[in-house]
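# Remarks on the overall topology
Take a look at the letters that make up each chain.
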Amino acid sequence: MEAVIDIARRAGDAVMEVYESGRFGVTSKDDERSSPLTLADLAANRVIIEGLSRLSPQLPVLSEECREVPYAERSRWERFWLVDPLDGTKEFLKRSDEFTVNIALVEGRSPVFGVVFAPARSLLYYGLRGRGAFRVSGAGRPEPIRTAPYEPGGPIRIVASRSHRSAGLDAFLQRLGDVRALSIGSSLKFCLVAEGSAHLYPRLGPTMEWDTAAAQAVVEAAGGLVTDLARRPLACNKPNLLNPSFMASGVPSPPWWDHVETKPE
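Residues numbered from 1 in each chain as written. Predicted model: local features only at pLDDT ≥ 70, side-chain atom pairs only at ≥ 80, totals over all residues. Heavy atoms only, no water.

### Side note on the overall build of the protein
- In terms of helices and strands, the protein carries seven helices and 16 strands.
- A globule of 265 residues ought to have a C-alpha radius of gyration of about 18 Å, and the protein, at 17 Å, matches this closely.
- Projected onto the principal axes, the alpha-carbon positions of the protein cover approximately 50 × 40 × 40 Å.
- Counting the 265 residues in the protein, one finds 56% classified as buried. (Helix = DSSP H or I, 4+ residues; strand = E, 2+ residues; numbered from the N terminus. Rg over C-alpha atoms; globule rule 2.2 N^0.38 Å. Buried < 20%, exposed > 50% of the residue type's maximum accessible area, 1.4 Å probe, protein only.)

Following this line, the structure appears as structure tokens:
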């Protein structure tokens, strides 16, 4: 754990070097969304790939910024690293502090260990299945975190995407009634659920596995759930790396499932 946390911090340093220079070198990825690509994405990716390759040369690494790996090859992987060197690139370009470095260890179809580092906030989260989840602020000591219970009849604390709101999500929030909504970028939304600041992070729109795996591990290690709309655990290493809509929740049988449509917009 300590070695991977160190890799995430060094990748965050590489991101902040570009961030503070103001020279982002923005291009567009050759994907369906023409996602932005910056020098920070590439610098962090180099740090992570080199670090993980030295740490565990026997384990493959699947990163957003590396070549696509055919499912015929990936399907044989029993354990691998799943990486998003810079999650929240749009927030990075806005010079917000809501972007993260994400590193997950996947076993089978599940993320069992994850590190999420927000370098502009000097805030780090990590979680390991069976060992719990932790938050580290600055150079402080790790503090255990747990998801928060929901008190029936009280407001539901929701965290939602700042850059990817949808009509389906707005309709869902209206159906819930008494909500307290906070918008924030990147995988920090999961972390707010993990630490108990929010009850629910609903994502009724597209994400990729590298966007979610590390933070999913943190939420689950903190006692929460991350499931698709059929209440199945969000799976990794699928033939298509695109995630379905999902709910990251701090409680096992929350009232909001009564308001979920199986085919949201």
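### Focus: the packing of aromatic side chains
- The tally for this structure, following the rule as stated, stands at nine aromatic pairs.
- Between phenylalanine 24 and phenylalanine 92, the ring centres sit 4.8 Å apart and the planes meet at 50 degrees, which makes this aromatic pair tilted. In this pair, phenylalanine 24 is assigned in the loop between α1 (2-21) and β1 (27-28) and phenylalanine 92 in helix α4 (residues 89-93), connecting sequence segments 68 residues apart. Across the pair, exposure class does not vary: phenylalanine 24 and phenylalanine 92 are buried alike.
- For arginine 9, the ring lying beneath its charged end belongs to phenylalanine 117, and the centroid distance is 5.3 Å.
- Directly above the aromatic system of tyrosine 19 lies the positively charged group of arginine 95, at a separation of 4.5 Å from the ring centroid. (Phe/Tyr/Trp six-rings, centres within 6.5 Å; stacked < 30°, edge-to-face > 60°. Lys NZ or Arg CZ within 6 Å of the ring centre and 35° of its normal.)

### Side note on the sheet that holds strand β6 (residues 110-118)
- In spatial order, the strands read β3-β4-β5-β6-β7-β8-β9; together these seven strands make up an open sheet with mixed pairing. With partners counted over all chains shown, the strands left at the sheet margins are β3 (61-63) and β9 (143-145), one partner each. Taking each pair of neighbouring strands and ignoring which way they run, the sheet shows an average axis angle of 20 degrees.
- In the sheet, strand β5 (residues 100-107) pairs with β6 via seven bridges, with the strands oriented antiparallel. When the bridges of β6 are listed, alanine 104 appears paired with glycine 114. (Pairing = 2+ DSSP bridges. Axes fitted to C-alpha atoms, helices over the stretch in contact; angles between N-to-C directions.)

### Description of the nonpolar core
- Leu82, Tyr125 and Phe190 are the most contacted members of the largest nonpolar core, which has 38 residues in total.
- Mapped onto this core, the elements with two or more residues apiece are β4 (79-87), β5, β6, β7 (123-128), α6 (188-194), α7 (209-221) and β16 (246-249).
- Ranked by residues supplied to this core, first place goes to α7 with seven residues.
- With residues near it in sequence (within four places) discarded, tyrosine 125 still touches Gly114, Val115, Val116, Phe134, Arg135, Ile145, Leu188, Cys191, Glu195 and Val218.
- Residues Val4, Met16, Ala40 and Ile48 belong to the second largest nonpolar core, which totals 35 residues. (Core = buried A, V, L, I, M, F, W, Y, C linked by side-chain atoms within 4.5 Å. Contact = heavy atoms within 4.5 Å.)

### Focus: the side chain of serine 56
- As for its placement among the helices and strands, serine 56 is situated in the loop between α2 (39-55) and β3.
- Exposure remark for serine 56: the relative accessible area of 5% places this residue in the buried category.
- Of the polar contacts made by the side chain of serine 56, one reaches the side chain of tryptophan 81; its length is 2.8 Å. (Polar contact = N/O pair within 3.5 Å; in protein donor to acceptor, adjacent residues only side chain to side chain.)

### Some thoughts on the environment of arginine 232
- Checked against the element boundaries, arginine 232 lands in the loop between β14 (225-228) and β15 (242-243).
- For arginine 232, a relative accessible area of 53% puts it in the exposed group.
- Put simply, arginine 232 and phenylalanine 246 are 14 residues apart on the chain and 9.3 Å apart in space, counted from C-alpha to C-alpha.

### Observations concerning the environment of proline 85
- Of note, proline 85 is situated in strand β4.
- If we ignore the near neighbours within four places in the chain, the residues touching proline 85 are Val15, Asp41, Ala44, Asn45, Ile48, Ser63, Glu64, Glu65, Thr100 and Val101.

That's the geometry; what it means functionally is another story.
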